[in-house]
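Breakdown of the fold
Next come the chains, spelled out residue by residue.
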There are 2 protein chains.
Amino acid sequence: MALSRKFHIALATSLGAALCSASAADLPVRPSASDLIKTSQPSDWRPLNPENTLYMELPAGRVVIELAPEFAPQNVANIKTLVREHYFDGLAILRSQDNYVAQWGDPNAETQPKSLGSAKAKVAGEFSVPMANDKHFVRQKDFDGYAPQIGHSNGFPVGRDPKSKTTWLAHCYGMVGVGRDNDTDSGNGAELYAVTGHAPRHLDRNITVVGRVIAGMPLLTTLTRGSEAMGFYGGKDARTPITSVRFESEVPEAERSHLEVMRSEAPIYQSILEAQRNRGGPWNKYAANYLELCNAMIPVRERPKQ
Amino acid sequence: MALSRKFHIALATSLGAALCSASAADLPVRPSASDLIKTSQPSDWRPLNPENTLYMELPAGRVVIELAPEFAPQNVANIKTLVREHYFDGLAILRSQDNYVAQWGDPNAETQPKSLGSAKAKVAGEFSVPMANDKHFVRQKDFDGYAPQIGHSNGFPVGRDPKSKTTWLAHCYGMVGVGRDNDTDSGNGAELYAVTGHAPRHLDRNITVVGRVIAGMPLLTTLTRGSEAMGFYGGKDARTPITSVRFESEVPEAERSHLEVMRSEAPIYQSILEAQRNRGGPWNKYAANYLELCNAMIPVRERPKQ
């Protein structure tokens, strides 16, 4: 029994670059982002640093998170302490709010909190950091309403303000941040969230972002939504337990995910952005000549066998 | 066992309006979108037209879709014919692609297609329509990269171009469109999709959008992702069947969902947009002074008992 694909809508990444035109004329066929990725060279990709890569093991599979210490050095250091001491093992997903976030941590944090071990209980918020922290920024030319400038830094979507000389990770789909209460130093990385819906960019510069989920997003996006306010799970909900969170470096080579991320500095990455900014025919009839920051694909793939 | 909410991140709609400021000073506390909704009057809301409201019944519950015939008169008319003749009953969800769409229709469309009855097999694409079709447009002042102007029309997010005098529904989260092949008239409404991820606005003006899911989105967003290309379900996947699709008008009063949508023309709606554009303290430390079209909440609620 074959699948109907007759009336499909095309994959976001299967279409090519074209002229900007509001006319009804067919757009020229151009290489798509996926086509371009196929032409990439090994040097267009970088390996993950196993000390900045976390494996969150859930019963249904593995979520891989790449940390970005340059954008939140103190918060990432505290998270690393928690991971090193296996703090997250046996904790749970606490919240799944539709079109917003999945959030995880200690279900008993308010009654009988698990010890944070040698991690700090309070870490200053790192809502933005000096631009000098970021050596890899490549600007994206499109207008953005939430930041004076946008771009990518080695696989992370970034906003920045040349006036205040600050930079920050943008709340795109899959980005991971540090839950906090009203005080800016009330977070410590023991409770984290990942964006599972349309990018809530108003959170930018309001909370510390520490990294990005680079594999396993469906494990977080398909979680049953919590029945309580803001998607928190309540007594009647079955929470998903966290089996463990480990550094990639702790995991035997044979059990690793072996992912690599496209270098945003590679010229091919600019071509991929352009291929998404102006898609070509035959499916597309209108090219937007614009690419919103959080619609820019940041390619991740399994490292090809050598 | 109480839930930890100590280190929460605040609900998108729980925060208020404030001054635009990049400084670290606390923002003044202002009413949030949710606070404002509580002050709304019955006249700020409109009932649904039971002839433009579809109930898609899935085994796990009901998805409510509001059709927008003014933005796609021919396609909506064909969908109504299909619904009237119970075409969708017993069909299935065909595709769930993470951060993109869920799509439904006839699993056997390519081998032994179900008869379309008196519906048309081909309907001209209505990727944009004359601005004159839309009597309810209220402009949103924020810049948009995908459309010269943006706004809302009675509960639908809209782009428009005063130069070509055209308007179209924008591909925000929850919007419903008509799958098609390469030819612009290759869709007919027998295969539909809903946006389940970050808004794929490059689809705007490339495909016919017919309405919006106004209740039941989690039933579509939490579907297991399909294992084949583009998230299509394959032979090994368990597809979710569609029990039935009915007009609200066909369903007995006692079994209806009784929803109402905020009128975008009501002055309170502009206040709600502003409350999301510039959120206030104490949680927020930075107000964006910007609201991206697809981040604008369009309130839907159960009709209060009289």
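Note that residues are indexed from 1 along each chain, following the sequence as it is written. Chains carry letters and ligands carry numbers; both start at the beginning, A for chains and 1 for ligands, and go up in the order they are written. In view of the model being predicted, local features appear only for residues whose pLDDT reaches at least 70, and side-chain atom pairs are presented and counted only at 80 or more, with totals across whole chains, interfaces and linings using the full set of residues. The side-chain numbers reported here are obtained from all heavy atoms of the structure, hydrogens and water having been left aside.

Of the regular secondary structure elements, chain A holds four helices and 16 strands. Atoms considered for the radius of gyration are the C-alpha atoms alone. The globule rule reads 2.2 Å times the number of residues to the power 0.38. A compact globule built from 306 residues should have a C-alpha radius of gyration of about 19 Å, and chain A, at 20 Å, falls within 12% of that. For chain A, the spread of C-alpha atoms along the principal axes amounts to about 65 × 60 × 45 Å. To sort residues, take the accessible area from a 1.4 Å probe on protein chains only and compare it with the maximum for the residue type: under 20% means buried, over 50% means exposed, and anything in between is partly exposed. Looking at chain A residue by residue over its 306 residues, the buried ones come to 61%. Within chain A, counting contacts between residues at least 6 apart in sequence, those at least 24 apart form 71% of the total. Element-wise, carbon and sulfur atoms account for 53% of the exposed surface of chain A, whose accessible area totals about 11500 Å². Note on conventions: DSSP H or I runs of at least 4 residues are helices, E runs of at least 2 residues are strands, and numbering of each starts at the N terminus. Every residue pair with non-hydrogen atoms within 4.5 Å of one another is taken to be in contact. Only the protein chains shown count as cover for residues, and all accessible areas are computed by the Shrake-Rupley method using a 1.4 Å probe.

Before going further, it helps to examine unusual backbone geometry. Residue and element names in this part refer to chain A. Of the consecutive residues Gly 281 and Pro 282, the connecting peptide bond is found in the cis state with omega at 5 degrees. With respect to the secondary-structure elements, Pro 282 resides in the loop between α4 (267-277) and β16 (300-302). Here Lys 165, not a glycine, exhibits a phi torsion of approximately 55 degrees, which is positive. The residue Lys 165 is located in the loop between β9 (156-161) and β10 (166-169) in this model.

A few words on helix α2 (residues 73-84) of chain A. Residues and elements named next belong to chain A. Multiply 1.5 Å by the residue count of a helix minus one, and that product is the helix's expected span. An ideal rise of 1.5 Å per residue puts 16 Å on 12 residues; α2 measures up with 16 Å between its terminal C-alpha atoms. Of all the residues in α2, the buried ones are Asn 75, Val 76, Asn 78, Ile 79, Lys 80, Thr 81, Leu 82 and Val 83. If you follow the buried residues of α2, they end up packed against β2 (53-58), β3 (61-67), β11 (175-178), β12 (192-195), β13 (209-215) and β14 (244-247).

All names here are of chain B. Residues of strand β12 (residues 192-195) alternate between two faces, with Leu 192 and Ala 194 on one and Tyr 193 and Val 195 on the opposite face, all of them buried. For two strands to count as paired, DSSP must find a minimum of two bridges between them. As paired elements, strand β5 (residues 101-105) and β12 share four bridges and run antiparallel to each other. The residue bridging Trp 104 from the neighbouring strand is Leu 192, located in β12. Across three bridges, strand β11 (residues 175-178) lies against β12 in antiparallel orientation. Among the inter-strand pairings, Gly 177 is bridged to a residue of β12, identified as Tyr 193.

Here the focus is the relation of the copies chain B and chain A. A residue counts toward the fit only if its pLDDT is at least 70 in both copies, and the copies are then superposed by least squares on the C-alpha atoms of those residues. At an RMSD of 0.0 Å, chain B and chain A line up after a rotation of 180 degrees and a shift of 0.0 Å along the axis. Between the two chains, the operation in question is that of a two-fold axis. The fraction of interface residues of chain B whose copies in chain A are also interface residues reaches 100%, indicating that both copies meet through the same surface.

Further remarks concern the sheet that holds strand β9 (residues 156-161) of chain B. All names here are of chain B. With respect to topology, five strands assemble into an open sheet ordered β6-β10-β9-β8-β7, the strand pairing being antiparallel. Lying at the two open borders of the sheet, with one neighbouring strand each, are β6 (129-130) and β7 (137-140). Between N-to-C directions, angles span 0 to 180 degrees; the directions come from axes that are lines fitted to C-alpha atoms, helices contributing only their stretch in contact. Packed on one face of the sheet, helix α4 (residues 267-277) meets β7 and β8 (149-153) and runs near 25 degrees to β7.

A separate point is the domain arrangement of chain A. The accessible area lost on association of the parts is a frequent measure of interface size. Residue and element names in this part refer to chain A. Throughout, the edges of the domains are those of an automatic or database domain assignment. Taken as a whole, chain A is organised into domain 1 (33-45 + 262-302) and domain 2 (49-258). For domain 1 versus domain 2, the separation of C-alpha centres amounts to 25 Å. Taken together, the 19 residues of domain 1 in the interface contact 26 residues of domain 2. Two parts placed together each lose some accessible area under a 1.4 Å probe, and the buried area is that loss summed for both. In total, domain 1 and domain 2 occlude about 1600 Å² of area from one another, counting both sides; carbon and sulfur atoms represent 55% of this. Of all residues in domain 1, Leu 293, Cys 294 and Ile 298 give up the largest surface area on contact with domain 2, accounting jointly for 37% of the area buried on that side. One side-chain nitrogen of Lys or Arg within 4 Å of one carboxyl oxygen of Asp or Glu is enough to make a salt bridge. Counting the contacts that link domain 1 with domain 2 gives two salt bridges. Across the pair Glu 292 and Arg 201 runs a salt bridge whose closest N-O atoms are separated by 4.0 Å. Side-chain atoms alone can form a polar contact between residues adjacent in sequence; in general such a contact is a pair of N or O atoms within 3.5 Å, and within protein one must be able to donate a hydrogen while the other accepts it. Summed over the shared surface of domain 1 and domain 2, the result is nine residue pairs in polar contact (both at pLDDT 80 or more). When contributions to the side of domain 1 that touches domain 2 are tallied by element, the ones reaching two or more residues are α4 and β16. Here the side of domain 1 that touches domain 2 takes five residues from α4, the largest share from any one element. Each residue gets one label: Ala, Val, Leu, Ile, Met, Phe, Trp, Tyr, Cys and Pro are nonpolar, Asp, Glu, Lys and Arg are charged, and the others, such as Gly, are polar. Classifying every residue of the side of domain 1 that touches domain 2 gives 10 nonpolar, two polar and seven charged.

What follows deals with the interface of chain B and chain A. Between chain B and chain A, the residue contacts involve 76 residues of the former and 76 residues of the latter. Here chain B and chain A share zero salt bridges between them. Joining chain B to chain A, the criterion identifies 27 residue pairs in polar contact (both at pLDDT 80 or more). Of all the secondary-structure elements, those providing two or more residues to the side of chain B that touches chain A are β4 (92-96), β5 and α3 (217-221) of chain B. Here the element with the most residues in the side of chain B that touches chain A is α3(B); it accounts for three residues. Each residue belonging to the side of chain B that touches chain A can be placed in one class, and the counts come to 37 nonpolar, 21 polar and 18 charged.

UniProt positions are given in the numbering used here, feature names are shortened, and annotations may be inferred rather than shown by experiment. Using the residue numbers shown here, the UniProt feature "domain: PPIase cyclophilin-type" (unreviewed entry) corresponds to residues 59-249 of chain A. In residues 59-249 of chain A, helix accounts for 9% and strand for 30%; the two terminal C-alpha atoms are 21 Å from one another.

With that settled, the discussion passes to the environment of A:Gly189. All names here are of chain A. With respect to the helices, strands and loops of the structure, Gly 189 is situated in the loop between β11 and β12. It is 9.8 Å that separates the C-alpha atoms of Gly 189 and Thr 81, two residues lying 108 residues apart in sequence. With sequence-adjacent residues up to four places away left out, Gly 189 is seen in contact with Ile 79, Leu 82, Phe 88 and Val 178.

Residues and elements named next belong to chain B. Note on terminology: pairs of cysteine sulfur atoms within 2.5 Å are recorded as disulfides. The full count for this structure, using the stated rule, is two disulfides over all chains. Note on cysteine connectivity: Cys 172 is disulfide-linked to Cys 294, with sulfurs 2.0 Å apart. Between Cys 172 and Cys 294, the S-S dihedral sits near -75 degrees, and the bridge is therefore left-handed. Within this pair, whereas Cys 172 is found in the loop between β10 (166-169) and β11, its partner Cys 294 is found in the loop between α4 and β16 (300-302), the two being separated by 122 residues in sequence. The pair formed by Cys 172 and Cys 294 is uniform in burial state, with each residue classed as buried.

The next thing to look at is the pairing of β11(B). All names here are of chain B. Here β11 shows a buried face lined by Met 175 and Gly 177 and a second buried face lined by Val 176 and Val 178. The pairing of β11 with strand β13 (residues 209-215) spans three bridges and is classified as antiparallel. Paired with Gly 177 across the two strands is Val 209, which belongs to β13.

Mapped onto the elements, B:Lys285 comes out in the loop between α4 and β16. In terms of polar contacts, B:Lys285 uses its side chain to reach the backbone carbonyl oxygen of B:Pro282, at 2.7 Å.

This next bit is on the sheet that holds β12(B). Residue and element names in this part refer to chain B. In space, the eight strands of this open sheet follow the order β4-β5-β12-β11-β13-β3-β2-β14, with antiparallel pairing throughout. The open sheet is flanked by β4 and β14 (244-247), the only strands paired with a single partner. Taken pair by pair, the neighbouring strands of this sheet meet at an average axis angle of 30 degrees, ignoring direction. Inspection of the sheet shows β4 paired to β5 by four bridges, in the antiparallel sense. For Ser 96, the partnering residue across the bridge sits in β5 and is Ala 102. Contacts from helix α2 (residues 73-84) reach β2 (53-58), β3 (61-67), β11, β12, β13 and β14 within the one sheet, and its direction differs from that of β14 by about 115 degrees.

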